[in-house]
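Now for the letters of each chain:
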Amino acid sequence: MPAFRQVGEKQLPNPVLCMAWSPKRDLIALANTTGELLLHRLAGFQRVWTLPPSEYTGKEITAIAWRPDGKILAFSLGDTKQVVLCDVEKAEILHVFPMQSPVTCMHWMEVIEESSALSSFYNSEDESKLFLPKLPTLPKSYSTTSKIFSEEKSDEILKLLGEVRLNILVLGGNASFVELYAYGMYRIATLEGVLGTCRSLSLSSDLKSLSVITEVRSADDNPEICYVQLDTGLLSDCLPEVTRMARKFTHISTLLQYLHLSLTCMCEAWEDILMQMDLRLTKFVQEKNTSTQVQDEFLELLLWGQSSPELQALLMNQLTVKGLKKLGQSIESSYSSIQKLVISHLQSGSEALLYHLSEVKGMALWKQKFEPLGLDAAAIEGAITAVGSFSLKANELLQVIDKSMKNFKAFFRWLYVAMLRMCEEHVPPELNKMTQKDIAFVADFLSEHFSENEELFGRKGKYFNVERVGQYLKDEDEDLVSPPNTKGNQWLKFLQDSTHLKGSPLLFPSYPQKSLHFVKRMMENVIEDCLQKPAEVIGKSVKQAIFLPLYNVPESSENTPRLFELPSLWNDKKAKMHYVVFCMPEISPHKLYLLRRGTDPNRPIPNSVMSINLTHHLDSGDDGNAADQSHYFYSYLDARFYDDEMLTVVLQGSEELNAMRVLAQIPISSSLSCETEFNWEPNLRLDQQSSSIPSQGLVLGNQWRELENMKAQFVAVNGIRKVACVVRIHIIFSLCGFCFTIS
């Protein structure tokens, strides 16, 4: 019975750069040279969705990785130096964060260690839901030109939290940097000093060590492939504390994303039409021939019912009765939408942020447990203060909206009646009644909002700032053009007169001269600084335990896509072992090498380096020409770990076999049965002492399949789902391995 059964074949229009199977479902993600991210289903190799490249995210995908639960897909962009988290179900971008340099490889792992402290935390993690209301769903985008967020998002954003069990996204780049992101959101460690460009990464499931394959320049400027093992013992020793801290910080990062999207919706609700009054009044000032102030022109119309020809032309020809009515409706609709978003979204998000930061502060005060991780209570207190200032600014915006809605409603009602009288149209009786109090109210509004401002014209190109809400939503560093009038505020006067409360840390600063956007950015920066210290402390605790130069990079592989090229890494969770599989074609093209290291860097491992020789050993057992086939030579094209006990390899036959391509399964246990032990000379590369590496021959039996009419080059496998995908530059098809046995 054949070891493989072909279940699909698909010709793709563009070359594939990288591919990865879902850990939970029969789905495979592919990235091609055009920047598209494709998701295919195993059955018939049906396409599920396509995420096209965009100017916002980028067009050059360099690596992809699945979250262990299979619900989120991460991919990195080389041209924009960003990492994107995408919802697999809806193909929606949930989160984007920048990197200091392009990411060359990534690995997303899940911690499987158990302890009583972790179990109690897993069971009590949802306590926040008892104290905090569910975050309201974000409305659909007001703008059809929104870059990426156009659907209801709050539930999707909460997917970023995922399961409570700790998982870590490991990212490596070409500038000697490695970063670890808890739950794919919070940067839990920044590692520096890793030489060269990262080619592959694998963090052990017990968090004791990180294996890295790097490409470094030797003394004679030749590229070398090296194996580096980093001791991450602090993460392992403080696993319960790391999990609690990372989970809280991930909540905080998710809430910051929620607040950002809420503010984006508010900016979209505010329309440019609201600026028409300011711009038309400015044009009126520039074109009028009289020396009277615009304020005086409107006051004369209010008191005597008469207007100058210039003002009448402005109102009847430019603003118009219909335009005034539309402007009033737009302001009321826009302000109401912004007001609802502030009350339901900004305030609830800020309250949740204060709750989680307060809990983190409590952790920081437990110095015995959390001080080794770098938690600083003073820095967290500063973050709490910044969130309080943001809440105050949101409340200030509510007051401005409430006052503006009343002002505009009274002003537009009076002006609408005045314009109807100018054009001698019927005025409805309900609008014709205006008391002395109403007249005084409109007069105060004209006096406050219709004064010409030469300084404002120099900054904004207009003399007026009648519309006061939009300035709070501008993402600018400049002060507010028209800050709120605090004259007569009894609370502020009391604070200024109090020697005890002035500058008290118990009171949040309000920043009355700054916009909501500015205070939000300030809050994000303070929280980022607060979260950054643990990443620095944990990063500095990571030390290099092993550095092994393996071999020179062959010239023939210079144009090979780095994402597919060997070496390949694997973490055996049960045996607590790191595996590295690689080949050295210039030394021995017919051998595959296997390097083993314990996840504990101090643990000695027998048979640490082995080679598998396929010369003479490919036969089928049933084929009458098997004896002839046994004399042929096969070389390795690609090899990936199918599971802890099996390797999946792509082989290429010699010219006598017309370079036949073969997909085969190799049991690891039989390859490690050699009794000879390899003694590593520390001053030499592995390829310089390859002759002394123990070699094990192998007969595959029926655990192989010829790939007919296909020049296969690379393979991606998933032992959990028992699937393999083989690819060459343009053609790709899937194989389903339900029938092979695993010893």
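Once a new chain begins, its residue numbering starts again from 1 and follows that chain's sequence as written. Residue-level local features of this predicted model are given only where pLDDT is at least 70; pairs of side-chain atoms are given and counted only at 80 or more, and the full residue set underlies all totals for whole chains, interfaces and linings. Values reported for side chains reflect all heavy atoms of the structure, with hydrogen atoms and water molecules removed beforehand.

**Q** Explain the overall build of the chain here, please?
**A** Counting from the N terminus, the helices are DSSP H or I runs at least four residues long and the strands are E runs at least two residues long. Tallying secondary structure elements over the chain gives 18 helices and 29 strands in all. Per-residue burial for the chain yields a buried fraction of 54% across its 743 residues. Residues count as neighbours in contact if any of their non-hydrogen atoms are within 4.5 Å of one another. Sequence separation of 24 or more characterises 64% of the internal contacts of the chain that already satisfy a separation of 6 or more. The protein chains shown are the only cover counted for residues, whose accessible areas, like all others here, come from Shrake-Rupley with a 1.4 Å probe. A total of about 33400 Å² of accessible surface is found on the chain, and carbon and sulfur atoms cover 49% of it. Only protein chains enter the area calculation, which uses a 1.4 Å probe; residues under 20% of their type maximum are buried, those over 50% are exposed, and those in between are partly exposed.

**Q** Looking at this structure, I do not really get the environment of P694. What am I missing?
**A** Mapped onto the secondary structure, P694 falls in the loop between α18 (668-671) and β25 (695-697). Here the alpha-carbon distance between P694 and V609, two residues 85 residues apart in the chain, equals 7.5 Å.

**Q** Whenever I open this one, the sheet that holds strand β21 (residues 609-613) confuses me. Can you help?
**A** What holds strands together in a sheet is hydrogen bonding between their backbones, with the strands either parallel or antiparallel. At least two bridges found by DSSP between two strands are what make those strands a pair. One open sheet holds the five strands; their spatial order is β18-β19-β20-β21-β25, and the pairing between them is mixed. Looking along the sheet, the strands with just one partner apiece sit at the ends: β18 (568-572) and β25. Each strand of the sheet is rotated relative to its neighbour by a mean of 25 degrees, with strand direction disregarded. Relative to β25, β21 is paired through three bridges, and the arrangement is parallel. From the neighbouring strand, I612 faces β25, where its bridge partner is Q696. Axis definition: a line fitted to C-alpha atoms, limited for helices to the stretch in contact. Angles are taken between N-to-C directions and run from 0 to 180 degrees.

**Q** Would you explain the pairing of strand β12 (residues 177-182) in this entry?
**A** Looking down a regular strand, the side chains alternate between one sheet face and the other. Within β12, six of the six residues are buried, which leaves it mostly tucked inside the rest of the structure. Burial of the side chains of β12 extends over both faces: F177, E179 and Y181 are buried on one face and V178, L180 and A182 on the other. In terms of strand pairing, strand β11 (residues 167-173) meets β12 through five bridges, oriented antiparallel. The partner of V170 across the bridge, within β12, is L180. Remark: three residues form the turn of the hairpin made by β11 and β12, two consecutive strands paired antiparallel; S176 in that turn has positive phi of roughly 60 degrees. In this structure, β12 lies alongside strand β13 (residues 186-192), joined through six bridges in antiparallel fashion. Bridge assignment links L180 to a residue of β13, and that residue is A189. Taken together, β12 and the strand that follows it, β13, pair antiparallel across an intervening segment of three residues, in which Y183 is found at a positive phi of about 55 degrees.

**Q** Explain the pattern of salt bridges to me, please; I cannot follow it from the model alone.
**A** Opposite charge on two side chains permits them to pair, given that their charged atoms come into close proximity. The rule for a salt bridge is simple: a side-chain nitrogen of Lys or Arg has to be within 4 Å of a carboxyl oxygen of Asp or Glu. One pass over the full model with this rule turns up 16 salt bridges. Measuring nitrogen to oxygen at the nearest pair gives 2.9 Å for the salt bridge that ties E55 to K59. The exposed category is assigned to E55, whose relative accessible area is 67%. By relative accessible area, which is 42% here, K59 ends up partly exposed. A salt bridge links K406 to D402; the nearest nitrogen and oxygen atoms lie 3.6 Å apart.

**Q** Would you mind showing me how to read the pairing of strand β16 (residues 223-231) here?
**A** Most of β16 sits out of view: eight of its nine residues are buried. With nine bridges connecting them, strand β15 (residues 209-217) and β16 associate as antiparallel partners. For L210, the partnering residue across the bridge sits in β16 and is L230. Here β15 hands over to β16 after five residues, with D221 in that stretch at a positive phi of 65 degrees. Pairing of β16 with strand β17 (residues 543-552) involves eight bridges; the strand directions are antiparallel. Looking across to β17, one finds that L230 is bridged to Q544.

**Q** Where do I start with the confidence of the model for the chain in this structure?
**A** Atom-level detail of predicted coordinates should not be read off regions where pLDDT is low. Per-residue confidence from the predictor is reported as pLDDT, a score between 0 and 100. Residue-level pLDDT values for the chain average 80, and 82% of them are 70 or greater. Per-residue pLDDT stays below 50 along residues 142-152; that stretch engages in 24 contacts with residues further than four places along the chain or on separate chains. Low pLDDT, under 50, characterises residues 729-743; the stretch is placed with 71 contacts to residues that sit more than four places away or in other chains.

**Q** Help me understand the packing of aromatic side chains, please; the structure alone is not making it clear to me.
**A** Aromatic rings in a pair are described by how distant their centres are and how their planes are angled relative to each other. Centres within 6.5 Å are what make two rings of Phe, Tyr or Trp a pair, Trp counting through its six-membered ring; a difference in plane orientation under 30 degrees is then read as stacked, over 60 as edge-to-face, and the rest as tilted. In this structure the tally under the stated criterion is nine aromatic pairs. Considering the side-chain rings of F678 and W680, the 5.8 Å spacing of their centres and the 70 degrees angle between planes classify their relative orientation as edge-to-face. Of the two residues examined, F678 and W680, each falls in the buried class. Each member of the aromatic cluster is reached from another via a ring pair, and the members are Y551, F582 and Y593. We note R247 situated over the ring of Y183; from NZ or CZ to the ring centre the distance is 4.9 Å. Here, over-ring charges are defined by two tests on the NZ atom of lysine or the CZ atom of arginine: distance to the ring centre within 6 Å, and angle to the ring normal within 35 degrees. Here the basic side chain of K514 rests over the ring of F518, its NZ or CZ set 4.6 Å away from the ring centre.

**Q** Mind showing me how you'd approach the sheet that holds β15 here?
**A** The strand order β14-β15-β16-β17 describes an open sheet built from four strands, whose pairing is antiparallel. This sheet does not close on itself; its edge strands, each paired only once, are β14 (197-203) and β17. Strand after strand, the sheet turns through a mean of 20 degrees between neighbouring axes, direction not considered.

**Q** Even after reading the chapter, I still don't get the side chain of S22, so can you show me in this structure?
**A** In this structure, S22 sits in the loop between β2 (16-21) and β3 (27-32). Any pair of nitrogen or oxygen atoms within 3.5 Å is treated as a polar contact; in protein, a donor-acceptor pairing is required on top of that, and neighbouring residues in sequence qualify only through side-chain atoms on both sides. At a separation of 3.2 Å, a polar atom in the side chain of S22 contacts the main-chain amide nitrogen of R25. In this view, S22 contacts L27, W66, G70, N718 and R721; residues no more than four positions away in its chain are not counted.

**Q** Looking at this structure, I do not really get the packing of helix α7 (residues 294-304) against helix α11 (residues 377-422). What am I missing?
**A** One can describe the packing of α7 onto α11 by two numbers: an axis separation of 11 Å at closest approach and a directional angle of 75 degrees. The orientation of α7 with respect to α11, classified from their angle, is roughly perpendicular. Where α7 abuts α11, its residues F298, L301 and L302 lie against F411, W414, L415, A418 and M422. In terms of residue class, the contact of α7 with α11 is built from eight nonpolar, no polar and no charged. The labels follow the angle: roughly parallel below 35 degrees, roughly antiparallel above 145, roughly perpendicular from 65 to 115, and oblique for the rest. Residues are grouped as follows: Ala, Val, Leu, Ile, Met, Phe, Trp, Tyr, Cys and Pro are nonpolar; Asp, Glu, Lys and Arg are charged; every other residue, Gly included, is polar.

**Q** Sorry if this is basic, but what is going on with the packing of helix α8 (residues 309-319) against α11 here?
**A** Each pair of packed helices can be described by the angle between their axes along with the distance between the axes. Between α8 and α11, the shortest axis-to-axis distance is 11 Å and the interhelical angle comes to 95 degrees. In terms of axis orientation, α8 runs roughly perpendicular to α11. Contacts between α8 and α11 involve Q312, L315, M316 and L319 from the former and L415, M419 and M422 from the latter.

**Q** I'm lost on the environment of L392 in this one. Help?
**A** Mapped onto the elements, L392 comes out in helix α11. Relative accessible area serves as the criterion here: at 34%, L392 is assigned to the partly exposed category. Considering only alpha carbons, one finds L392 and F508, 116 residues apart in sequence, at a separation of 7.8 Å. Ignoring any residue separated from it by four or fewer positions in sequence, one finds L392 in contact with F508, P509 and S510.

**Q** Looking at this structure, how should I read the side chain of S404?
**A** With respect to the element layout, S404 can be found in helix α11. On the basis of relative accessibility, which here comes to 6%, the residue S404 falls in the buried class. Apart from the residues lying within four places of it in its own chain, the contact partners of S404 are Y335, R468 and V469.

**Q** Please clarify how the environment of A379 should be interpreted in this entry.
**A** When you line up the elements, A379 lands in helix α11. Take A379: its relative accessible area is 28%, and that puts it in the partly exposed class. With 152 residues separating them in the primary sequence, A379 and L531 have C-alpha atoms 8.9 Å apart.

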